[in-house]
Amino acid sequence: ACACACACACACACARGRVCAAMADVGEIARLYASSCSTSVALGDAWLLPQRVVELERAVHDVDEDRRRLLRYRLRWSDVACPMASELPSSVSASTYAPTGQHALRVVVLEGKPKPRTCLELWHHGSLIGRVDGSKLHGKVMAEGGTFGGFGWSACEHRVAYVAECSEPESPPLFAPAPRASGEPEGAASPGQKHWFREDWGEKLSGTDRLGLFIVDFKAMTIKQLPGVPSHITPGQPAFWGEDIVYAGWDAGVRKLGALYCMQRPSALYLAHPGGAASSKHSCLTPGLKIARAARPAPRIDGQGRGSLAFLGSTRGFDTHTGCLELFVLEPTAGAVPRQIVPVVETPKHDGFAGICMDSSLPRQCWGAGAIYFNSFVGSRMTAWRVVPGDSGLGDIAPVQRPAKAEANASCRVLAVSDSAVVLVWSTPCQPERATVRSLKDDGDAVDLPPLGPCAVVAGLPRGPETAVDLRWSVQGVTPSDGGSRFDAVLVEPVQFHKPGIILLLHGGPHSASTTAFDHHIPFLVHSTDCAVLSVNYRGSLGFGKQALESLPGHVGQQDVQDCMDALKAALTTGVFDEGRVAVVGGSHGGFLTAQLIGQHPDVFHAAAMRNPVTNIAALAATSDIPDWAFVEGLGLGSYDFGGRQALTADVLSMMLSRSPIVHVDKVRTPTLVALGMKDRRGPPPPPKPEGGSRKPHNNKRSRSNRPRFV
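Residues numbered from 1 in each chain as written. Predicted model: local features only at pLDDT ≥ 70, side-chain atom pairs only at ≥ 80, totals over all residues. Heavy atoms only, no water.

**Q** Hey, could you run me through the overall build of the protein chain in this one?
**A** Each helix and strand in the protein chain was counted, giving nine helices and 36 strands. Residues counted as buried form 51% of the 711 residues belonging to the protein chain. Partitioning the intrachain contacts of the protein chain with sequence separation of at least 6 by distance along the chain shows that 60% fall at a separation of at least 24. For the protein chain, the exposed area adds up to about 32300 Å²; of that, 53% sits on carbon and sulfur atoms. (Helix = DSSP H or I, 4+ residues; strand = E, 2+ residues; numbered from the N terminus. Buried < 20%, exposed > 50% of the residue type's maximum accessible area, 1.4 Å probe, protein only. Contact = heavy atoms within 4.5 Å. Areas by Shrake-Rupley, 256 points an atom, 1.4 Å probe, with all protein chains shown as cover.)

Following this line, the structure appears as structure tokens:
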């Protein structure tokens, strides 16, 4: 994303016709990027601690070291200035608090021989209570925020359930098998077993072929693997429900398809009894649902028994990688069945509520004062909601009041909840994220925490301003030319520059969204190019209901391309922008759209940059960890057989090719940067580097200035 933004800035500068030294341009662009990057306030987690204290976690991309740094800020509600941050050491792979805030868990990777040791630590008010080494049982621990990760705390807060990569059992050499000892247990490794191929869950989830459930007990100072997990599922997201453990289990079916950002993969909730017999089976709590995950038990004031269990799921499932989920509640009584309290929304109602579409919609702690808090897209903004479960039927859904300082179309989300307060985070395209704590008591007081401020991320360069005061933003409604449902585009433009150019910024997915939340890449693009940025939420984006979302599959390269052109034309007809300086940038499906636009409309765009684009749907179907995407988006809903072996016939491949950007490649005249990840498992792999040197373009009849170059 950074490379595409910088490349687009360079390309736009050239298109503007600056008369300046090339190195001076690059240096100025680098300085502007460092300034914009320093303003990012990416709040990923929050904890409500005792005595009206909040701890916030912020991710900072250190450009000098090219790594992600995690900073923690501990603030009292009464603080008027931001305290100095503490940084989690690189040896700490995960750190989280118990629901009461009295205890904290840290996962620490200690250097050792012959391999590093993975240890779990329990802390209490700054004191290390104990450390337990789990290296003999498992490897990497799946942290919160990932597909399978999460930590479940028992009521006593001395036991924690988690998921980790199971250790590979030692196996005899394949070509010199030793006879099995008479006392060797069943299930011991077979000769050469460590070399067997095993499927994992695809992009960024290497090592997920052998995940197990573990419980660390800090009183007994032991770690045990929980037996009984069905062999056909991958466990994740564990939570204590009373004395038992509830977890999500993903069923691979015929094969494991990529799971990252793919929420339609079949899953169910299972209940395990840690104190039961080793042979006891885990019971499925959601046999009537196609999808079930993100279990969130309600806290018990006395710490005894079970409260209600909230979770996300889908009765019928869906084909698209992101779809409309339902919110369910399961009562702890025997024989209870899940009850839907938030339904799928076909089209948004008068309050704009468009349903729940993301696994991350439920905060880790979502119960507060009898209500469940969650996040949802409403058009082009993220919005916080609450629902009060009734005794029967749907719950009472209402938006959470946004902070007083937040503008009308600002994005706002819930980060943490307790019975006494809720932490809200809000931002706009010109205002980095701010946090507000609202009391859930009768007074309902709201306290705006002090801004965290910019962090310099490049040595020798100053940090950027706290707000982009020289920019303005708005949400533009667009009516598509084919008469379909309206969609949104978020416009950010310079205040004082006359006749700026315009850059289309296109999100991936395609079932995702560009919101009004702060994104430091956008001010950077505006400042470095003197262009406005138009982020288009074409039909198929989140925030407009199920009907709009499912209108796109089978029409990619057509409907979404026309929506982008309709949004661009609507902006250009105002006469505010320079039609001679139009650019487009996007990644993944946004890269697919970028390629389509410069191929189908070669006279419109003067610069382009795309990251990991899908340029040939047919090639993706045969090489990707998500072949279902090629069928569903290219051919339409119902075109992929998730339960069988999907055939790639000549007719299927021909249709996929006809909807791919590559069929328009001969018409492309726009200077374009294509950035490909060498470890990307989603798109077709980049061309191999020839032996003995760098890649060189094939000879062609193009002019020298239009020949492709590999950099």
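**Q** How should the pairing of strand β6 (residues 103-110) be read in this particular structure?
**A** A regular strand carries its side chains on alternate faces of the sheet. Most of β6 sits inside the fold, with six of its eight residues counted as buried. Two strands pair when backbone bridges link them, and strand β5 (residues 92-97) and β6 are joined in this way by five bridges, in the antiparallel orientation. Within the sheet, the bridge partner assigned to Ser-95 lies in β6 and is Arg-106. Between β5 and β6, which pair antiparallel in sequence order, lie five residues; one of them, Gly-101, sits at a positive phi of approximately 80°. Across eight bridges, β6 lies against strand β7 (residues 117-124) in antiparallel orientation. Residue Val-108 lies in a different strand from β7, and its bridge partner there is Cys-119. (Pairing = 2+ DSSP bridges.)

**Q** Mind showing me how you'd approach empty space enclosed by the protein here?
**A** With the rule as written, the count across this model stands at one cavity of 30 Å³ or more. Here the lining of the largest cavity gets three residues from one element, more than from any other, and that element is strand β28 (residues 431-439). (1 Å grid on protein atoms, 1.4 Å probe; cavity = no way out; pocket = protein on both sides within 12 Å on 5 of 7 lines; lining within 4 Å. Points joined across faces, edges and corners; volume = space filled by probe spheres on them.)

**Q** Mind showing me how you'd approach the environment of Glu-550 here?
**A** Note on placement: Glu-550 falls in the loop between α4 (546-549) and α5 (559-572). Glu-550 gets classed as partly exposed once you look at its relative accessible area, which sits at 28%. For the pair Glu-550 and Gly-323, spaced 227 residues apart in sequence, the C-alpha separation works out to 8.5 Å.

**Q** What's the story with the packing of aromatic side chains in this structure? I'm lost.
**A** The description of an aromatic ring pair uses the distance of the two centres, along with the angle that the planes make with each other. Inspection of the entire model under this criterion finds 12 aromatic pairs. Judged by centre distance (6.4 Å) and plane angle (80°), the ring pair of Phe-592 and Trp-629 falls under edge-to-face. In this pair, Phe-592 is assigned in helix α6 (residues 589-600) and Trp-629 in helix α8 (residues 627-635), connecting sequence segments 37 residues apart. Pair check on accessibility: Phe-592 and Trp-629 agree, each one buried. Ring pairs connect the aromatic residues Phe-148, Trp-201 and Trp-250, which therefore count as one cluster. A cation over an aromatic ring shows up here: Arg-106 above the ring of Trp-123, its NZ or CZ 5.7 Å from the ring centre. (Phe/Tyr/Trp six-rings, centres within 6.5 Å; stacked < 30°, edge-to-face > 60°. Lys NZ or Arg CZ within 6 Å of the ring centre and 35° of its normal.)

**Q** I tried to follow the environment of Asp-560 on my own but got confused; where do I start?
**A** Relative to the elements of secondary structure, Asp-560 occurs in helix α5. According to the relative accessible area criterion, Asp-560 is buried, its value standing at 0%. Spatially, the C-alpha atoms of Asp-560 and Tyr-538 are 5.8 Å apart, while their sequence positions differ by 22 residues. Other than its neighbours up to four places away in sequence, Asp-560 contacts Tyr-538, Leu-552, His-555, His-589, Phe-592 and Leu-593.

**Q** What exactly am I supposed to notice about the pattern of salt bridges here?
**A** Side-chain pairs of opposite charge can arise where the charged atoms are in close proximity. Under the defined criterion, the tally for this structure stands at 27 salt bridges. Among the salt bridges present, the one from Arg-31 reaches Glu-28, with a minimum N-O distance of 3.0 Å. Placement of both Arg-31 and Glu-28 in helix α2 (residues 22-38) is noted, with a separation of three residues, approximately one turn of the helix. On the accessibility criterion, Arg-31 (35% relative accessible area) is partly exposed. Through salt bridges that share partners, Asp-62, Glu-65, Arg-67, Arg-69 and Glu-87 make up one connected network. (Salt bridge = Lys/Arg side-chain N within 4 Å of Asp/Glu carboxyl O.)

**Q** Please explain the confidence of the model for the protein chain as it appears in this structure.
**A** The predicted coordinates of low-pLDDT regions are not to be read in fine detail. For the protein chain, the average pLDDT comes to 87, and 90% of its residues sit at 70 or higher. Confidence drops under a pLDDT of 50 for residues 17-24, and excluding neighbours within four residues, the segment shows four contacts in the predicted structure. Note on residues 695-705: pLDDT under 50 across the span, and 12 contacts to partners over four residues away in sequence or across chains. (pLDDT = per-residue confidence, 0-100.)

**Q** What's the story with the packing of α5 against α6 in this structure? I'm lost.
**A** Any two packed helices are characterised by the angle at which their axes cross and by the distance between the axes. Where α5 contacts α6, the two axes come as close as 10 Å, and the packing angle between them is 75°. On the basis of their axis angle, the class for α5 and α6 is roughly perpendicular. Counted together, Asp-560, Val-561, Cys-564 and Met-565 of α5 and His-589, Phe-592, Leu-593, Gln-596, Leu-597 and Gln-600 of α6 form the full contact between these two elements. Looking at the contact of α5 with α6, its residues break down into six nonpolar, three polar and one charged. (Axes fitted to C-alpha atoms, helices over the stretch in contact; angles between N-to-C directions. Parallel < 35°, antiparallel > 145°, perpendicular 65-115°, else oblique. Nonpolar A, V, L, I, M, F, W, Y, C, P; charged D, E, K, R; others polar.)

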